[in-house]
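# Tertiary structure, described
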Amino acid sequence: PTHIGKSYQLKSSPDLLNWTDNGTPITAAQTTHTITVNSPTNPTHFWQVTVTDLDDDLDGLTNTEESTLGTDPTRNDSDGDTLSDMAEILYFGNQDQDADGDSDGDSLTNGEEINTYHTNPILLDTDSDSLFDGAEILIHTTNPLNPDSDTDLMPDGWEITYSLDPNHAADA
């Protein structure tokens, strides 16, 4: 039997080392498929079927996962809020958040954190440097993904606390 949401490819090999695709992959749309192949002339021949999960909308969730979660496997943003299904499931575990919300209270919206700055929308301080992500972007212009924006071996938050410039290594 086959499973909807998966692709099946028949392969053959004369030596278990070199595999060749036989025909085109079958995308399961029903539970049973029949494949007819010509027998090879070599009496010793091996066969295998490789199974691949499909991700039709390229959002990082397989069609099977989307079916289980109740999202649309043909749209990478099933609820149309500009947050991909994968991002919503990864960060929030559901589709109940929206791009305009600020789940961690750091003054950046979920959409800005996920789509623009690539910070974590459920952590106040993605890089753990003692500066909230919003403060790094909106006030200090430091990198919220790097705890030491100027690479001087002093964390950005520490530099701010001691009136140093976290964007200028020479002030150390």
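Heads up: the structure comes first, above all this text.
Please read these numbers as outputs of a predicted model, since none were measured by experiment. (Residues numbered from 1 in each chain as written. Predicted model: local features only at pLDDT ≥ 70, side-chain atom pairs only at ≥ 80, totals over all residues. Heavy atoms only, no water.)

Here the structure, examined in full by the defined rule, presents two aromatic pairs. On the numbers, 6.4 Å between centres and 55° between planes, the contact of tyrosine 91 with phenylalanine 92 is tilted. The exposure class assigned to tyrosine 91 is partly exposed, which follows from its relative accessible area of 23%. (Phe/Tyr/Trp six-rings, centres within 6.5 Å; stacked < 30°, edge-to-face > 60°. Buried < 20%, exposed > 50% of the residue type's maximum accessible area, 1.4 Å probe, protein only.)

For strand E1 (residues 6–13), the buried fraction is high: seven of the eight residues fall into the buried class. Pairing between E1 and strand E3 (residues 46–53): eight bridges, direction antiparallel. Its bridge partner being in E3, serine 13 is matched across the sheet by phenylalanine 46. The sheet contact formed by E1 and strand E2 (residues 20–27) spans five bridges and is antiparallel. Looking at the pairing, serine 7 lines up with threonine 27 of E2. Between E1 and E2, which pair antiparallel one after the other, the connecting turn spans six residues, and leucine 16 there sits at a positive phi close to 70°. (Helix = DSSP H or I, 4+ residues; strand = E, 2+ residues; numbered from the N terminus. Pairing = 2+ DSSP bridges.)

Let's shift gears to helix H3 (residues 110–117). Those residues of H3 that sit buried are Asn110, Gly111, Glu113 and Ile114. Buried-residue contacts for H3 involve helix H2 (85–92) and helix H4 (133–140). Once H3 ends, the next one or two residues include histidine 118, with phi positive near 60°. (Contact = heavy atoms within 4.5 Å.)

Another aspect to go through is the side chain of glutamate 88. Take glutamate 88: it is sitting in helix H2. The residues contacting glutamate 88, other than those within four sequence positions of it, are Asp77, Asp79, Asp81, Leu83, Gly93, Asn94, Gln95, Asp96 and Gln97.

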